[in-house]
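Coordinates in review
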Amino acid sequence: MPAPQVLAPPDPAAVDLTDPRTFHDVDTHALWRRFRELSPVHWHPATERAPGFWVVSKYEDAVAVYRDNKRFTSEKGNVLATLLQGGDSAAGKMLAVTDGPRHRAIRNLMLKSFAPRVLQPVVDGVHRHTRELVARAVDSGEADFVTDVADHVPIHTMGDLMDIPYADRPRLVEWNTQTLSRHDSADSEMESLMARNEILLYLSGLAAERRRNPGEDVISVLATATVDGEPLTEDEIIFNCYSLILGGDESTRMSLAGGLIALAENPEQWRRLKTGDVTSDSATEEILRWTTPAMHFGRRALVDVPLREKVIKAGDVVTLWNSSANFDEDVFADPYSFDVGRSPNKHVVFGHGPHFCLGAFLGRVHVNAMVEALRDQVARVELRGPARRLYSNFVHGYSGLPVALTAERATEGTDGDA
Ligand code: HEM
């Protein structure tokens, strides 16, 4: 693993959070510690590409804004890219960028497909699938944990939920990666836009087919549902299916890869997991906190709102940095140690309040399945060569992670060190 560059502690006033390079191969913990210490509610000046915006880095403040959908709206976008360009074309149609009664009605509709009881067969499938992928990676000696393992799990879960034909799923993963995060700075923004359009077009075809011929899947539920006696619009159906692929796939994959790195780099924690000193649920929560795949979300203020000693003006963009809040020393004891037994662990990986992640249960299931497969099937994890970081100011994660996983049975009798 390449060590992050050790630089002088950054000055918040000189940091450009709109630039993905700011997050690439640097010690972001040091960066966020400075923000929390020096300027917890910080005005990020305009750049040549984008207008200015607020940066909220303390846990307590992030939670307060997440919770407050009266004074802050998601309808002007909920990530920096859309907030700064003035809006999201899915506003008022897709759950994450819809507020008020319409948001509640569609969320309630979708929640029925996401109840833990309904999802039990999906959960069993995730565990089975993860065990098989880990076994295959172990058998092949060396593997790329991202492309050989992590990439294959969540897309099949979303695919099963939406009954997406198997053959089409790899294309969706590729489009999704292009939409959200680029492998390097050379990939163009146009490519990302085109990938998003490809997904929407693809889903539009599926929705039309399910309306004619409904099944039990989520697309069929949305395509045949009514709110106040009226069917959902074509856009509502397509954008909400899109949001499941978007939200469900990439973040989950990122926490799986980041979790493996954390376990490999912290042998003492790996041992605690292997010996049963901690539960897989507890390790799952810490992996989620530690990896925080969705670095930020955001809102636009509807009225003037005082926050600490600053006043956020009506119309201002406010960004909430989960990757800082989850390491806030006022909330998490010893936040920079990876502690699989951490309790309490009330991170904001899945946000908070009315827009709290609809797929949080499934996100947890995926990480938990990976933790249990590694615990039960793997004796030793070795990182082989540099992990390839994604190029993004939104998703924190990896596009490549060479590893060697040694089978549990091959080293029976050893103490199971990572
Ligand atoms: C919302 C993170 C997995 C679907 C959110 C939000 C966060 C988040 C932080 C709040 C956004 C906001 O407040 O503006 C994550 C992470 C995941 C994950 C880190 C994996 C580790 C999933 C999965 C699904 C999903 C598996 C779908 C099956 C959604 C949807 C929303 C959402 C539909 C919008 C909810 C609403 O606005 O009411 N997610 N998510 N997410 N997530 Fe996830």
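The structure contained in this document is the topic of the report that follows. (Residues numbered from 1 in each chain as written. Predicted model: local features only at pLDDT ≥ 70, side-chain atom pairs only at ≥ 80, totals over all residues. Heavy atoms only, no water.)

As for the pattern of salt bridges
Going through the model one piece at a time under the given rule, you end up with 31 salt bridges. Here lysine 58 and aspartate 328 are joined by a salt bridge, their closest N and O atoms 3.0 Å apart. Here lysine 58, found in the loop between strand S2 (53-56) and helix H2 (59-67), pairs with aspartate 328, found in the loop between helix H14 (322-325) and helix H15 (360-377); they are 270 residues apart in sequence, far enough to count as distant. The exposure class assigned to aspartate 328 is buried, which follows from its relative accessible area of 1%. Ionic pairing is found between glutamate 250 and arginine 253, a salt bridge with its closest N-O pair at 2.7 Å. Separated by three residues within a single helix, glutamate 250 and arginine 253 lie in helix H11 (residues 234-265), roughly one turn from each other. Residue glutamate 250 shares its accessibility class with arginine 253, and that shared class is buried. The network of salt bridges with shared partners includes Asp151, Asp249, Glu250 and Arg253. (Salt bridge = Lys/Arg side-chain N within 4 Å of Asp/Glu carboxyl O. Helix = DSSP H or I, 4+ residues; strand = E, 2+ residues; numbered from the N terminus. Buried < 20%, exposed > 50% of the residue type's maximum accessible area, 1.4 Å probe, protein only.)

Quick word on the sheet that holds strand S10 (residues 317-321)
Two orientations exist for strands paired in a sheet by backbone hydrogen bonds: parallel and antiparallel. In space, the five strands of this open sheet follow the order S1-S2-S10-S7-S3, with mixed pairing throughout. On the outer flanks of this sheet lie strand S1 (41-44) and strand S3 (72-73), each paired with one strand and no other. (Pairing = 2+ DSSP bridges.)

Description of the coordination of the iron atom of the ligand
In this structure, the iron atom of the ligand receives exactly one donor atom from the protein: Cys357 (SG), at 2.3 Å. Along the chain, cysteine 357 turns up in the loop between H14 and H15. (Donors = N, O, S within 2.8 Å, 3.2 Å for Na, K, Ca; no water.)

Some remarks on the packing of H11 against helix H13 (residues 280-291)
At a minimum axis separation of 9 Å, H11 and H13 run at an interaxial angle of 105°. On the basis of their axis angle, the class for H11 and H13 is roughly perpendicular. Side by side, H11 and H13 meet where Ser255, Gly258, Gly259, Ala262 and Leu263 of the first sit next to Ile287, Leu288, Trp290 and Thr291 of the second. Here the residues of the contact of H11 with H13 are counted per class, giving five nonpolar, four polar and no charged. (Axes fitted to C-alpha atoms, helices over the stretch in contact; angles between N-to-C directions. Parallel < 35°, antiparallel > 145°, perpendicular 65-115°, else oblique. Contact = heavy atoms within 4.5 Å. Nonpolar A, V, L, I, M, F, W, Y, C, P; charged D, E, K, R; others polar.)

With respect to the environment of glycine 276
Within the secondary structure, glycine 276 sits in the loop between helix H12 (267-274) and H13. With relative accessibility at 54%, the residue glycine 276 sits in the exposed group. For the pair formed by glycine 276 and leucine 263, sequence separation is 13 residues and the distance between their alpha carbons is 15 Å.

Points about the nonpolar core
Grouped together as the largest cluster of nonpolar side chains are 87 residues, with contacts concentrated most on Met162, Leu374, Leu401 and Leu405. With 15 residues, H11 is the largest single contributor of residues to this core. Once residues within four sequence positions are removed from consideration, methionine 162 is found in contact with Arg210, Asp217, Val218, Ile219, Cys241, Leu244 and Ile245. Counting residues in each nonpolar core, the second largest holds 18 residues, with Val65, Phe72, Val305 and Val318 among its members. (Core = buried A, V, L, I, M, F, W, Y, C linked by side-chain atoms within 4.5 Å.)

Some remarks on the site of the ligand
The full set close to the ligand counts 27 residues, and His103, Arg107, Arg299, His355 and Cys357 are the nearest of them. Here histidine 103 contributes a side-chain N or O atom positioned 2.8 Å from an oxygen atom of the ligand. Mapped by element, the contributors of at least two residues to the shell around the ligand are helix H4 (100-111), H11 and strand S7 (296-301). Grouping the amino acids of the shell around the ligand by side-chain chemistry returns 14 nonpolar, 11 polar and two charged. (Near = heavy atom within 4 Å. Polar contact = N/O pair within 3.5 Å; in protein donor to acceptor, adjacent residues only side chain to side chain.)

Considerations on the pairing of S2
Two faces make up the sheet, and in a regular strand the side chains alternate between them. Taken together, the four bridges between S1 and S2 define a ladder with antiparallel strand orientation. The residue of S2 that forms the bridge with tryptophan 43 is tryptophan 54. In this structure, S2 lies alongside S10, joined through three bridges in parallel fashion. Bridge assignment links valine 56 to a residue of S10, and that residue is leucine 320.

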